[in-house]
Amino acid sequence: DQHRAPDYLAGLNPEQRLAVETLNGPVLVLAGAGTGKTRVLTTRIAHILATGSAYPSQILAVTFTNKAAREMKERVGVLVGGAVEGMPWMGTFHSIGVKLLRRHAELAGLRSDFTILDTDDVVRLIKQLIQAEGLDDKRWPAKQFAGMVDTWKNKGLTPPDIAEGDARAFANGKGRELYAAYQARLRTLNACDFGDLLLHPIAIFRKNPDLLKEYHGKFRYILVDEYQDTNTAQYMWLRLLAQRPKDIPQNVCCVGDDDQSIYGWRGAEVDNILRFEKDFPGAKVIKLERNYRSTEHILGAAGHLIAHNEGRLGKTLFTDRSDPDDEKVVVHAAWDSEEEARAVGEEIENLQRGKHKLNDMAILVRASFQMREFEDRFVTLGLNYRVIGGPRFYERLEIRDAMAYFRMVCQPSDDLAFERIINTPKRGLGDTTVRYLHDYARARDIPMLQAAADLIETDEMKPKARKALFDVVTDFRRWQGLLENMAHTTLAEQILDESGYTAMWQNDKSAEAPGRLENLKELVRSMEAFESMRGFLEHVSLVMDAENNENLDAVSIMTLHSAKGLEFDTVFLPGWEEGLFPHQRALDEGGRSGLEEERRLAYVGLTRAKHRCHIWFVSNRRIHGLWQSTMPSRFLDELPAAHVDVAASDSNYGGYGGRGGYGQSRFDKAEPFANNYSTPGWKRAQANKTDATRDNWGTRSGHAVERIGYGESGPRTRTIDG
Ligand code: ATP
Ligand code: MG
């Protein structure tokens, strides 16, 4: 009865309304980006509360981030008119898992004050176990095993579930035993890791049917956003809570979009969408096809791109929002990433002059190292920015470590820097030694490095520590001596190599390690713009001082992965080049799935935009520390000409357009977007690419050849280390 519908239902389309009002029984909303899935969930909660169908504490709502949970809570409050008191079960799978586990810790053999270990703790613990087994922890790195355990846990596998073959891959077949020993050790320590936050509740529910039954009664409504990115363990957990005995209705509502499944690399199983109808017979599947977010051009571009994926459930999307004034998606070319950042900065300033708010703009990058160039540029321009979903570039762990080395070289009395890196990488200088050094230095009012230099002349140190300290002191003295006599970027590389810091990450088998190495290279690269290492350090302290304040009007910078679910008026998508996007790692994997996940990521990026979307690619980018002539991303060719404009070259540099490059061939001939691989510019780019050496930075003896640009006659190179 339309005209008596409460306010919060007004404005919903019939399908959305059906999804909101079908409170009883399983519901799956399967729909494309911007069709109001999240809005349906929020309104559904409002509806549950407004109709008195449940108390806030009886609603279990899973969001992908804690921030999304907070926002959802706020919006529900607005819809029902007044703050919602206590929605204790709204949060991420992990945050809900912790809460359950704290309540029932004893059923998992823990006390309710158990600690949650971070990745570093986990690795340290595993290393001890590997050593206790009498295994060589160099041959069988703890990090690698930690990664295996994480994968098993994402799949919901406990030690007895591990197949012989799987476990044999590690430590001569001792993998399963080690996993079991690890779990036992965690229990002794009254601790658990992230995976346990899901696995323990699953085990508890399985072993205690009565308790599970209690929760079946308690959680009258279960809602899950971003359902396409649940992993197997999360799905098992969900199924336990949602599949109920016949007398209790299965009020579970999941919303998702198979085209936005972007966490496959972390164990997400898009097949969970397909299983839903099987596991919840009689589920009502609702499709939403009207997009409320984006213009026809943006939607057209995104839809055409994603149609290149084969593994899709397939959906249609339309929008009423078409206005002849709408801008098409614009593809821009730049010479290199510096020019890219400069041009994006200009574009943002133009929009700002047109009274657009910075808050409505976002830069979405494929890899976090790309952020640095934008952050630097914005600091120079005085444009406020914030980095979402991760630390700002110069706040990253590996960057702070590296900077601590540089600070020590420029300013030997920087004790904070000294303490940060004295045992990073591990040099066998334990806390006792560091404390001793500290006290010694304090008592004499000298810097710690000086204290170390003094102490190695005495007998006060154990031989091992003394040798380690001797090496550190010698290294720093040598680097300090080079400071005035060597190119500072070369010295920076040398410091990171000779200290063993680069090697530390090269030997690290965790998923983040390659990204950290990329960031380190980007750090060295960013120093080129400065005269000296000191000048650079000063710049960084200014960048670090820039405000990261919630209330500030500021451009958002984030990775495509963390942009999920968000929307902005204007979106900038830089770095659409082969090897970066799609990322080389996905291409190396071979097969379709890696590439298709990259394409879904592109789809997520495009569909974040409401009104304007600007894509960039550069002709030269430093990847793995070396300049490479790059090829525009294949995704550019997959965009439909009808919805895309190619910007006349923004480049002020070196007659880029005259190089027969990408841009020209494309707009001059006004040909459709496919088939332009045959133009001379492309051929040349490809030829140049083949002789580009990958990644010889970071080896101590490496003779890094750095490409600084291409003339018509081919690459010019210069050696940077002698
Ligand atoms: P994503 O797949 O990106 O997570 P989504 O399907 O969750 O997208 P929402 O974020 O819920 O989509 O909605 C997209 C935008 O459309 C939001 O600004 C939302 O407020 C708006 N919207 C959704 N439904 C309606 C509607 N019926 N009327 C007006 N605006 C709507
Ligand atoms: Mg959403």
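Reading guide: rules and limits
- Residues numbered from 1 in each chain as written.
- Chains lettered and ligands numbered in written order.
- Predicted model: local features only at pLDDT ≥ 70, side-chain atom pairs only at ≥ 80, totals over all residues.
- Pairing = 2+ DSSP bridges.
- Helix = DSSP H or I, 4+ residues; strand = E, 2+ residues; numbered from the N terminus.
- UniProt positions renumbered as here; feature names shortened; annotations may be inferred.
- Contact = placed C-beta atoms within 7 Å.
- Near = placed C-beta within 6 Å.
- Nonpolar A, V, L, I, M, F, W, Y, C, P; charged D, E, K, R; others polar.
- Buried ≥ 20, exposed ≤ 12 C-beta atoms within 10 Å, placed from the backbone.
- Arc of directions from axis to C-beta.
- Axes fitted to C-alpha atoms, helices over the stretch in contact; angles between N-to-C directions.
- Parallel < 35°, antiparallel > 145°, perpendicular 65-115°, else oblique.
- Left-handed = near helix turned anticlockwise from the far one by under 90°.
- Core = buried A, V, L, I, M, F, W, Y, C linked by C-beta atoms within 7 Å.

1. Some details on the sheet that holds strand β3 (residues 90–91)
Spatially, six strands are ordered β3-β2-β6-β7-β1-β8 in an open sheet, and the strand pairing comes out parallel. Sheet topology places β3 and β8 (284–288) at the edges, where each strand pairs with a single neighbour. Relative to β3, strand β2 (residues 59–62) runs parallel, the two sharing two bridges. Across the sheet, residue Val62 finds its bridge partner in β3, namely Gly91.

2. Some thoughts on the UniProt feature "binding site: ATP" (unreviewed entry) in the chain
Per the UniProt entry, the sites bearing "binding site: ATP" (unreviewed entry) are Ala31, Gly32, Ala33, Gly34, Thr35, Gly36, Lys37 and Thr38 in this numbering. Mapped onto the elements of the fold, Gly32 is located in the loop between β1 (27–31) and α2 (37–50). Apart from the residues within four sequence positions on either side, Gly32 is in contact with Asp257, Asp259, Asn291, Lys315 and Leu317. The residue Thr38 is located in helix α2 in this model.

3. So, the site of ligand 1
As a structural note, the neighbourhood of ligand 1 is formed by 19 residues, with Gly36, Lys37, Thr38, Arg39 and Tyr292 the closest of them. If one sorts the elements of the shell around ligand 1 by residue count, α2 sits on top with three residues. Residue classes in the shell around ligand 1 are distributed as four nonpolar, ten polar and five charged.

4. Description of helix α12 (residues 271–279)
Side chains of residues three or four places apart in an α-helix project in the same direction, reflecting 3.6 residues per turn. Buried within α12 are the following residues: Asn272, Ile273 and Phe276. The arc that holds the buried residues of α12, viewed along the axis, is 105 degrees, so those residues lie on one side. Exposed residues pointing more than 90 degrees away from the buried face of α12 are listed as Leu274, Arg275 and Lys278. Of the surrounding elements, those touching the buried residues of α12 are β1, α11 (232–242) and β7 (252–256).

5. Concerning the packing of α2 against helix α3 (residues 66–80)
Any two packed helices are characterised by the angle at which their axes cross and by the distance between the axes. Running from N to C, α2 and α3 point in directions that differ by 50 degrees, and their axes come no closer than 9 Å. In terms of orientation, α2 lies oblique with respect to α3. Handedness of the α2/α3 crossing: right-handed. Along the contact surface, α2 presents Thr42, Thr43, Ile45, Ala46, Leu49 and Ala50, while α3 presents Met72, Arg75, Val76, Leu79 and Val80. Of the residues belonging to the contact of α2 with α3, the class tally is eight nonpolar, two polar and one charged.

6. Quick word on the nonpolar core
Membership of the largest hydrophobic core comes to 184 residues, with the highest contact counts inside it found for Val29, Tyr405 and Val555. Here the element with the most residues in this core is helix α16 (residues 397–410); it accounts for eight residues. Those residues in contact with Val555 that sit more than four places away from it in its chain are Ile348, Leu358, Met361, Ala362, Ile363, Phe378, Leu383, Asn384 and Tyr385.

7. With respect to the pairing of strand β12 (residues 555–559)
In terms of burial, β12 is a largely internal element, five of the five residues being buried. Of the two faces of β12, the one lined by Val555, Ile557 and Thr559 and the one lined by Ser556 and Met558 are each fully buried. Sheet analysis places strand β10 (residues 361–365) next to β12, joined by four bridges and oriented parallel. What sits directly across from Ala362, in β12, is Ser556. Bridge analysis of strand β11 (residues 385–387) against β12 gives three bridges, and the strand direction is parallel.

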